[in-house]
Amino acid sequence: MRGILSVLMIAAAAASASAQSMKMALDPTSTIRVDGTSNVHDWHATSSQITATIQMTPPISDSKVESVTLSLPVTSLKSGKGGLDKNLYKALKADQNPTIIFVMKTYNATPEGDAYQAVITGLLTVNGVEKEVTAEATMTSDGKGGLKAVGTAAMKMTDFGVKPVTALLGTIRTGDAITVKFDLAGVAAQAIAQLPRE
């Protein structure tokens, strides 16, 4: 457990040993992708406009990750098909609930070679509805103060009060089950804020 905490600590990149909390921007290559099905063909929508906040406690030599929050604008999800995007935003009520938010509750990680296999639980808010979800991820360090986390989480749109998307007068209907895939990379130099101790 201490090993994975150390890896996350490196990703968060404390600017000094006295840092209590910091906010970091993810590398622009980071993405969150939603994969779904329909009665015609599979579909996906991807966002790279992700904000990550990591709370840490000093000292750096034995830092603990207190919390992790990820958020993204609903309208940043793009499928490459304007009609699908429009229907997706409508189904997610983007005008009323413009942001998707994930807040980590727990994680359990075990070493496997040069990586860690992690099971992460947290609260996901979509369409103004908050539900607990579970994700599985592979986490690796790049050896330069950076962290990469790649994983998936399965869920249903109706769990969040979202009706499956329809198009062409209902002749095209998406399935209820979706898979969220994340590929997140953080770099030490990207710590952009530091807060003093309370």
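Above this text sits the structure in question.
What counts, and at which threshold
Within any chain, residue numbers begin from 1 and follow the written order of that chain's sequence. Totals for whole chains, interfaces and linings use all residues, but because this is a predicted model, local features are given only for residues with pLDDT of at least 70 and pairs of side-chain atoms are given and counted only at 80 or more. Each side-chain value is worked out from all heavy atoms of the structure, with water and hydrogens disregarded. Exposed residues in this analysis have more than 50% of their type's maximum accessible area, buried residues have under 20%, and partly exposed residues fall in between, with area computed by a 1.4 Å probe over protein chains only. Each helix is a run of DSSP H or I of at least 4 residues and each strand a run of E of at least 2, with the numbering of both proceeding from the N terminus. Throughout, the arc means that of the directions going from the helix axis to the C-beta atoms. Note on definitions: a residue-residue contact is assigned when non-hydrogen atoms from the two residues lie within 4.5 Å. Nine residue types can take part in a nonpolar core, namely buried Ala, Val, Leu, Ile, Met, Phe, Trp, Tyr and Cys, and a core is a set of them joined through side-chain atoms within 4.5 Å. Only strands joined by at least two bridges in the DSSP assignment are considered to pair. Salt bridge, as used here, is a side-chain nitrogen of Lys or Arg placed within 4 Å of a carboxyl oxygen of Asp or Glu.

### So, helix H2 (residues 82-91)
Then, number 1: Looking at H2, one finds that the buried residues are Asp-85, Leu-88, Tyr-89 and Ala-91. Buried residues of H2 fall within an arc of 160 degrees about the axis and therefore sit on the same side. Away from its buried face, by an angle of more than 90 degrees, H2 presents the exposed residues Gly-82, Lys-86 and Lys-90.
Then, number 2: Of the surrounding secondary structure, the elements contacted by the buried residues of H2 are strand S3 (43-47).
Then, number 3: Just downstream of H2, Lys-93 is the residue with a positive phi angle, here 50 degrees.

### With respect to the nonpolar core
Then, number 1: Within the largest apolar cluster, 43 residues are counted, with the highest numbers of intra-cluster contacts made by Leu-77, Leu-124 and Met-155.
Then, number 2: Discounting chain neighbours no more than four positions away, the residues touching Met-155 are Leu-124, Val-133, Phe-160, Asp-176, Ala-177, Ile-178 and Val-180.

### Some details on the pairing of strand S7 (residues 115-126)
Consecutive side chains of a regular strand alternate in pointing toward one face of the sheet and then the other.
Then, number 1: Examined bridge by bridge, strand S6 (residues 99-112) and S7 share 11 bridges and lie antiparallel to one another. Across the sheet, Thr-110 pairs through a bridge with Gln-117, a residue of S7.
Then, number 2: In textbook terms, the turn of a hairpin is the stretch between consecutive antiparallel strands, and for S6 and S7 this stretch comprises two residues, one of which, Gly-113, has a positive phi near 65 degrees.
Then, number 3: The pairing of S7 with strand S8 (residues 129-141) spans 12 bridges and is classified as antiparallel. Across the sheet, Tyr-116 pairs through a bridge with Met-139, a residue of S8.
Then, number 4: Between S7 and S8, which pair antiparallel one after the other, the connecting turn spans two residues, and Asn-127 there sits at a positive phi close to 60 degrees.

### Comments concerning unusual backbone geometry
Then, number 1: Of note in the backbone geometry, Lys-93 takes a positive phi value of approximately 50 degrees without being a glycine.
Then, number 2: Checked against the element boundaries, Lys-93 lands in the loop between H2 and S6.
Then, number 3: You can call Lys-93 partly exposed: its relative accessible area is 36%.
Then, number 4: Within the chain, Asn-127 stands out as a residue other than glycine whose phi angle is a positive 60 degrees.
Then, number 5: Structurally, Asn-127 can be placed in the loop between S7 and S8.
Then, number 6: A residue is classified by how much of its surface remains accessible, and Asn-127, at 10% relative accessible area, is buried.

### Some points on the environment of Asp-42
Then, number 1: Along the chain, Asp-42 falls in the loop between strand S2 (31-38) and S3.
Then, number 2: Along the primary structure Asp-42 and Thr-174 are separated by 132 residues, whereas in three dimensions their C-alpha atoms are 8.4 Å apart.
Then, number 3: Those residues in contact with Asp-42, other than ones at most four positions away along the chain, are Gly-36 and Thr-37.

### Observations regarding the pattern of salt bridges
Here the idea is simple: oppositely charged side chains can pair when their charged atoms come close.
Then, number 1: Within this structure, the stated rule accounts for four salt bridges.
Then, number 2: Across the pair Lys-181 and Asp-35 runs a salt bridge, and its minimum N-O distance is 3.0 Å. Highlighted residues: Lys-181 in strand S11 (residues 172-186) and Asp-35 in strand S2, separated in sequence by 146 residues.
Then, number 3: Its relative accessible area of 37% is what places Lys-181 among the partly exposed residues.
Then, number 4: With relative accessibility at 15%, the residue Asp-35 sits in the buried group.
Then, number 5: Between Lys-105 and Glu-132 there is a salt bridge, with the nearest N and O atoms lying 2.9 Å from each other. Of this pair, Lys-105 sits in strand S6 while Glu-132 sits in strand S8, placing them 27 residues apart in sequence.
Then, number 6: Lys-105 gets classed as partly exposed once you look at its relative accessible area, which sits at 46%.
Then, number 7: Among the ionic contacts, a cluster of salt bridges with common partners joins Arg-33, Asp-35 and Lys-181.

### Digging into the environment of Val-129
Then, number 1: By secondary structure assignment, the location of Val-129 is in strand S8.
Then, number 2: The class of Val-129 is partly exposed, set by a relative accessible area of 26%.
Then, number 3: Distance in space between the C-alpha atoms of Val-129 and Asn-97 is 9.4 Å, their sequence separation being 32 residues.
Then, number 4: In contact with Val-129, other than residues within four places in its own chain, are Leu-124, Asp-159 and Phe-160.

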